[in-house]
Amino acid sequence: MATFGTLSDRLTDTFRNLRTKGKLSAADVDGTVREIRRALLDADVALAVVKDFTAKVRERALGDEVNKALNPAQQVVQIVNEELVQILGGEQRRLQFAKTAPTVIMLAGLQGSGKTTFAGKLAKQLEGEGHTPLLVAADLQRPNAVNQLQVVAEQAGATIYAPEPGNGIGDPVKVSRDGVEHARRQQHDVVIIDTAGRLGVDAELMKQAADIRRAVDPDEVLFVIDAMIGQDAVNTAKAFQEGVDFTGVVLSKLDGDARGGAALSVASVTGRPIIFASTGERLEDLEPFHPDRMASRILDLGDILTLIEQAQQAFDEEEAAKMAEKLATEQFTLEDFLDQLQQMKKMGSMKKMLGMLPGMGQMKQQLEDFDEREIDRTEAIIRSMTPGERRNPKILNGSRRLRIARGSGMTVTDVNQLVQRFDQAAKMMKTVARGGTPNIPGMGPVPGMGRPGASSKRGKKGKGKPSGSRSGNPAKRAAENAGLTPASTPTGSGFGLGGGAKAPTEADLAEIQKLFGKN
């Protein structure tokens, strides 16, 4: 996650130095805690939170749970992870719905924190869960705020209640109260009220927000805070808690490149849980906040559970079963590959998904260099093929490949590479689907992935004799067993080139020159 990238790098570097030590002394622990303190302070985490956090980590790291551990460094990482989870709120907290509809959710926060966009994201997510949300445009202060909410509501496919044009016209308290009544009449089970913000905390803002809260008596008051604003995040959160109070926090713009550590302090300072995290610009980029998963991401331990959940939402189980059957029976085609690409795109950014894998923080440059548009280019090439060509790529001759390249705006080389990669991937997936060992080009079978029992079967067949050449020619058998024949030498490098290939003779070079029209 971009916002906590620097903090994650600093912490993983600190732990990497610990792993070389079999036993930790008090000096080792103090040095580690000192580095953690510096990393947290550099990331804008509130000083009071840093002091409390490092004190607990030091106390536990000097205790018996580390001294008696087989791997002290790993135990320290576990302690930091557990304490980080506590800073972030401990346990996940979901939205609380009213026993009698509608559930009223009021949004509060400064101008520019992302309240309006979050309103659309929340409405879309609730609709996906079977609810019927109503968006209420109660931000009548900011220019074009009502129009923005109307656009967001249309994108989310949600209903909006906007009786006033805004731009300083209308009573936000009356609009909020009437919006709840409208939702009750139209049988909407959730009301999301988008309120006004200011560039800074002031008395007028707090009075308006407090008046709206008294008028509608919301079930949830969500404080939306920009994860990029630094130490002001804590001061703003305290001011809103004293002036309006809120039941939960929403972290927005977690995909930004700021240090963002102050966002880690909000739950600890206010005692209110973080409920949602906004991780991108799309309406789908909204995640329920899990303190344990966020701590794992910060420590570069991955977030496999969120990755699995996103995959389950994007992929159809029935379709997945059909795809597995096609792989096992060699019926997997480019049409199926296209369907898989489209389902992957539903999951969102590939960079974000790859970043959830453990240890990917060490491959930051490779992730940055990954081109998301490569999937679009692949899709363009496949869509330029006829249905027959997608089902049977073997019919792709030179003229067909030229036509596909022109139709997709790519080159013939791009088309050739796609077909070649598809063939290799299909073979590997077919092998895995059948329980076999994938054979990576230029590397041979992957070690330790053989079919269970395969070695024992070979042992029975050979009756305990060492494996070797089975040639009927004694001279050839002896040479092969001695490793002197070309069959026993590597036939390719990591890319399938070189590595033991025979040097060309003068006759070969003459033939090559003839092919290229050179004398």
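Notes on the structure follow.

The rules behind these values
Residues numbered from 1 in each chain as written. Predicted model: local features only at pLDDT ≥ 70, side-chain atom pairs only at ≥ 80, totals over all residues. Heavy atoms only, no water. Phe/Tyr/Trp six-rings, centres within 6.5 Å; stacked < 30°, edge-to-face > 60°. Helix = DSSP H or I, 4+ residues; strand = E, 2+ residues; numbered from the N terminus. Buried < 20%, exposed > 50% of the residue type's maximum accessible area, 1.4 Å probe, protein only. Polar contact = N/O pair within 3.5 Å; in protein donor to acceptor, adjacent residues only side chain to side chain. Contact = heavy atoms within 4.5 Å. Axes fitted to C-alpha atoms, helices over the stretch in contact; angles between N-to-C directions. Parallel < 35°, antiparallel > 145°, perpendicular 65-115°, else oblique. Left-handed = near helix turned anticlockwise from the far one by under 90°. Pairing = 2+ DSSP bridges.

**Focus on the packing of aromatic side chains**
Evaluation of the coordinates by the stated rule reveals three aromatic pairs. Relative to Phe246, the ring of Phe223 lies with its centre 5.0 Å away and its plane at 20°, an arrangement referred to as stacked. Placement of Phe223 in strand β5 (residues 220-226) and of Phe246 in the loop between α10 (232-243) and β6 (248-252) is noted, with a sequence separation of 23 residues between them. For Phe223, a relative accessible area of 1% puts it in the buried group. A network of ring pairs unites the aromatic residues Phe223, Phe240 and Phe246 as a single cluster.

**Remarks on the side chain of Ser252**
Summarising the element assignment, Ser252 is placed in strand β6. Polar contacts involving the side chain of Ser252 include one to the main-chain carbonyl oxygen of Ser113, which spans 2.6 Å. Excluding anything up to four places from it in sequence, Ser252 contacts Ser113, Val224, Ile225, Asp226, Ala227 and Ser278.

**Describing unusual backbone geometry**
Glycine aside, negative phi is the norm for most residues, and most peptide bonds take the trans geometry. Pro102 follows Ala101 through a cis peptide bond whose omega is 5°. Mapped onto the secondary structure, Pro102 falls in the loop between α5 (72-87) and β1 (103-108). Positive phi values are uncommon outside glycine, yet Asn144 reaches one of about 60°. Residue Asn144 is classed as partly exposed on the basis of its relative accessible area of 45%. You will see that Gln187, though not glycine, has its phi angle at about 60°, which is positive. As for its placement among the helices and strands, Gln187 is situated in the loop between α8 (172-185) and β4 (190-194).

**Quick word on the environment of Gly200**
For Gly200, the position within the fold is in the loop between β4 and α9 (203-216). Counting along the chain gives 89 residues from Gly200 to Gln111, while the straight-line C-alpha distance between them is 7.9 Å. When sequence neighbours within four positions are dropped, the list of residues in contact with Gly200 reads Leu110 and Leu205.

**As for the packing of α5 against helix α12 (residues 291-298)**
The interhelical angle for the contact between α5 and α12, taken along N-to-C directions, is 130°, at an axis separation of 8 Å. Comparing the axis directions of α5 and α12 gives the class oblique. The two elements α5 and α12 cross, and the hand of that crossing is right-handed. Residue-level contacts link Asn81, Leu84 and Val85 of α5 to Pro291, Asp292, Ala295, Ser296 and Ile298 of α12.

**Points about the sheet that holds strand β7 (residues 274-278)**
With mixed pairing, the eight strands of this open sheet are ordered in space as β3-β2-β4-β1-β5-β6-β7-β8. Looking at strand neighbours, the two that pair on one side only are β3 (159-161) and β8 (286-288), the edges of this open sheet. The mean inter-strand angle of the sheet, taken between neighbouring strand axes irrespective of direction, is 25°. Alignment of β1 against β5, held across four bridges, turns out to be parallel. Counted as the bridge partner of Met106 is Val221 from β5.

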